[in-house]
Amino acid sequence: MQLRYNFRAYPTPGQAHSLARAFGCARVVFNDGLSARREAHADGLPYIKDTDLQKQVITAAKRTEERAWLGEVSSVVLVQSLRDLHTAYRNFFSSVTGKRKGPKVAPPRFKSKRDNKQSVRLTANGFSLRDNGKLYVAKVGDLAVRWSRQLPSTPTSVTVTKDATDRYWVSFVVETDPDILPETTAETGIDLGLAHFAVLADGRKVDSPRFLRRAEKKLKRMQKALSRCAKGSNNRAKARKKVARQHARVADKRRDWHHKLSTSIIRDTQAVYVEDLSVKGLARTNLAKSVQDAGWSQFVTMLEYKALKHGRHFGRIGRFEPTSQVCSACGTKDGPKPLHVREWTCGDCGSAHNRDVNAARNILAAGRADRRNASQSAGKTGPVPAQRVEAGTHRDRHVPVVGIPVLQGREDVKNP
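Here is what the cut-offs are and how they apply
Residues numbered from 1 in each chain as written. Predicted model: local features only at pLDDT ≥ 70, side-chain atom pairs only at ≥ 80, totals over all residues. Heavy atoms only, no water. Core = buried A, V, L, I, M, F, W, Y, C linked by side-chain atoms within 4.5 Å. Buried < 20%, exposed > 50% of the residue type's maximum accessible area, 1.4 Å probe, protein only. Helix = DSSP H or I, 4+ residues; strand = E, 2+ residues; numbered from the N terminus. Contact = heavy atoms within 4.5 Å. Lys, Arg positive; Asp, Glu negative; His and termini not counted. Salt bridge = Lys/Arg side-chain N within 4 Å of Asp/Glu carboxyl O. Polar contact = N/O pair within 3.5 Å; in protein donor to acceptor, adjacent residues only side chain to side chain. Pairing = 2+ DSSP bridges. Axes fitted to C-alpha atoms, helices over the stretch in contact; angles between N-to-C directions. Parallel < 35°, antiparallel > 145°, perpendicular 65-115°, else oblique. Left-handed = near helix turned anticlockwise from the far one by under 90°. 1 Å grid on protein atoms, 1.4 Å probe; cavity = no way out; pocket = protein on both sides within 12 Å on 5 of 7 lines; lining within 4 Å. Points joined across faces, edges and corners; volume = space filled by probe spheres on them. Nonpolar A, V, L, I, M, F, W, Y, C, P; charged D, E, K, R; others polar. Expected span 1.5 Å × (residues − 1).

Novice: Whenever I open this one, the nonpolar core confuses me. Can you help?
Specialist: The nonpolar side chains of a soluble globular protein tend to be buried with one another. Counting 49 residues, the largest nonpolar core has Phe7, Val120, Leu122, Leu135, Val170 and Phe172 as the members making the most contacts within it. Per-element tally for this core: the top contributor is helix α1 (residues 13-42), with 11 residues. Residues within four places of valine 120 in sequence aside, it is in contact with Ala22, Phe23, Ala26, Val77, Val158, Thr159 and Val160. Judged by nonpolar contacts, the second largest core, of 20 residues, contains Val206, Leu261, Val291 and Trp296.

Have a look at this one:
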């Protein structure tokens, strides 16, 4: 399976300037390719092939006076940026024709230099790991990287990213073998909510940390200071970075908490079942801020890939299952109930239920039924692409380091 490993990078001022040039050139090539295909479509011409587009917006463009500066960056960066455009178009076509399942994919859009995140990707011929622990990037130099943990295998590509807070990250996608945990008999269903972030089928309740709500007062003060600054001024740029750093702290805290909770659940249970919630739909209601603050999608994604990594079963039940209407003791459907009803008694068997605990038990029962009806390989096998955020690792495990000699022999490598 594939896992993503992120590390913090610290470029020098000269290297930061070179990276900024690479970000800009990659963005220009992407936009030129998108513009060429849009113009061809508007003129009724056939779809431009990938190789022809590369010759047009990279090879031929370098010979012109307007785009001669494209030769100042590594060609690997430009080719990979154009490949991102090809992938975006293929995803769009697959979604339109019905080959791609899930939500509809929109056509690619132009990139802006004012985006909060800038990135470039390089394949193996555009970077290398030095013996002194630095990362060499073509036409940038040796980047200082904080190796907070070890890579399980040799990476074939690296993505260099700059976020809104001017932090630089290097991201490696590596192939790794599953780390199967000892089997256990425990299974659980999880009901996700707002009052309690998660309620488990055994009755355990996990309070929602509400990281954004805690930081709202400070964010409000910083946003006011930002709005008072004149547009285009240096003070406004400084105030914007302060707001971005505060949002980054909130996101980092939430991600770390999700990693710890998901790892704990996967370690303790052999099978985990969750409800397939429509987060996008809930984000359009008056509960939008609380829904986004909870981060359900990120948490469920972590549960899914960690279950595959550690040999656990992960299952989703349909979002239209009446988990809050059915008695988990006798199976009687008691009808819908308003949200303010948190406790109720079954009219048939007389069992008293907590609304959330009852829903978690029904999710567990529905997940078990789906698992019995599905094939034996469901939820266990199949390729899973690397997640967008970095993978979590156990603190008590040490994987042999590959390609980072500076870390060899260190047994006290700490995880972030």
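Following the structure, the description resumes.
Novice: What exactly am I supposed to notice about unusual backbone geometry here?
Specialist: The general pattern is negative phi for most residues beyond glycine and trans for most peptide bonds. In the Ramachandran plot, aspartate 166 falls in the positive-phi region, its phi being about 65° despite a non-glycine side chain. On the secondary structure map, aspartate 166 appears in the loop between β6 (157-162) and β7 (168-175).

Novice: Hey, could you run me through the side chain of lysine 306 in this one?
Specialist: Among the structural elements, lysine 306 can be located in helix α8 (residues 296-309). Despite its burial, lysine 306 pairs with no opposite charge, the nearest such side chain being aspartate 256 at 9.1 Å. At 2.8 Å, the side chain of lysine 306 and the side chain of serine 262 are in polar contact. Lysine 306 has contacts with His259, Ser262, Thr263 and Ile266, leaving out every residue within four places of it along the chain.

Novice: What should I look at first to understand the sheet that holds strand β10 (residues 205-207) in this one?
Specialist: What holds strands together in a sheet is hydrogen bonding between their backbones, with the strands either parallel or antiparallel. Sheet architecture is open: five strands sit in the order β10-β9-β8-β11-β12, paired in mixed fashion. Taken across any chain shown, the strands that pair with only one partner, and hence form the sheet edges, are β10 and β12 (313-317). Taking each pair of neighbouring strands and ignoring which way they run, the sheet shows an average axis angle of 20°. By the bridge criterion, three bridges tie strand β8 (residues 187-192) to strand β9 (residues 196-200) in an arrangement that is antiparallel. Across the sheet, leucine 192 pairs through a bridge with alanine 198, a residue of β9. α8 rests against β8, β9, β11 (271-275) and β12 of the sheet, and its axis sits at about 140° to β12.

Novice: What is the right way to look at the sheet that holds strand β5 (residues 141-146) in this model?
Specialist: What the seven strands build is an open sheet, ordered β2-β6-β7-β1-β5-β4-β3; its pairing is antiparallel. In this open sheet, the two edge strands, each paired with only one partner strand, are β2 (118-123) and β3 (127-129). Averaged over all pairs of adjacent strands, the angle between strand axes in this sheet comes to 30°, irrespective of strand direction. The sheet contact formed by strand β4 (residues 135-137) and β5 spans three bridges and is antiparallel.

Novice: Explanation requested: the pairing of β7 in the structure shown.
Specialist: The side chains of a regular strand alternate, first on one face of the sheet and then on the other. The buried fraction of β7 amounts to six of the eight residues, a majority that puts the element mostly inside the structure. Direction of pairing for strand β1 (residues 2-10) relative to β7: antiparallel, over a ladder of eight bridges. In the strand pairing of β7, phenylalanine 7 is matched with valine 170. Of the strand pairs in this sheet, β6 and β7 are connected by five bridges, and their pairing is antiparallel. Bridged to threonine 161 within β7 is tryptophan 169. Turn length for the β6-β7 hairpin, with the two strands adjacent in sequence and antiparallel, is five residues, and the turn residue aspartate 166 shows positive phi of about 65°.

Novice: What is the right way to look at the packing of α1 against helix α3 (residues 75-97) in this model?
Specialist: In a pair of packed helices, the angle between the axes and the distance between the axes together describe the arrangement. Put simply, α1 and α3 touch, their axes get as near as 9 Å, and they point 40° apart. Taken together, the axes of α1 and α3 are oblique relative to one another. Along this stretch, α1 crosses α3, giving a crossing that reads as right-handed. Contact with α1, carried on its side by Ala22, Cys25, Ala26, Val29, Phe30, Gly33, Leu34, Arg37 and Arg38, involves Val77, Leu78, Ser81, Leu82, Asp84, Leu85, His86 and Tyr89 of α3 and no other residues of that element.

Novice: Honestly, empty space enclosed by the protein in this entry has me stumped. Any pointers?
Specialist: It is the rolling of a water-molecule-sized probe over the atoms that shows where space remains empty. Within this structure, the stated rule accounts for three cavities of 30 Å³ or more. One number sums up the size of the largest cavity: a volume of about 50 Å³. If you go around the largest cavity, the residues you meet are Ser18, Ala22, Glu72, Val73, Ser74, Val77, Val120, Val137, Ala138, Lys139 and Val140. Residue composition of the lining of the largest cavity, grouped by class: seven nonpolar, two polar and two charged.

Novice: Which parts of the structure should I look at to understand helix α9 (residues 355-373)?
Specialist: Because each turn of an α-helix spans 3.6 residues, side chains separated by three or four positions end up pointing in the same direction. Between the first and last C-alpha of α9 there are 27 Å, a value that for 19 residues agrees with the 27 Å anticipated at 1.5 Å per step. All of the buried residues in α9 are Arg355, Asp356, Val357, Asn358, Ala359, Ala360, Asn362, Ile363, Leu364, Ala366 and Gly367. N-capping of α9 is provided by asparagine 354, with a side-chain oxygen placed 3.0 Å from the backbone N of aspartate 356.

Novice: Hey, could you run me through the pattern of salt bridges in this one?
Specialist: Between side chains of opposite charge, a pair can form when the charged atoms approach closely. Evaluated as defined, the whole model comprises 22 salt bridges. Across the pair aspartate 50 and arginine 37 runs a salt bridge whose closest N-O atoms are separated by 2.7 Å. Placement of aspartate 50 in helix α2 (residues 50-59) and of arginine 37 in helix α1 is noted, with a sequence separation of 13 residues between them. Judged by its relative accessible area of 23%, aspartate 50 falls in the partly exposed class. Accessibility expressed as a relative area gives 4% for arginine 37, which makes it buried. Measuring nitrogen to oxygen at the nearest pair gives 3.1 Å for the salt bridge that ties aspartate 142 to arginine 130. One end of the pair, aspartate 142, is in strand β5; the other, arginine 130, is in the loop between β3 and β4, and 12 residues separate them in sequence. Residue classification places arginine 130 among the partly exposed positions, given a relative accessible area of 32%.

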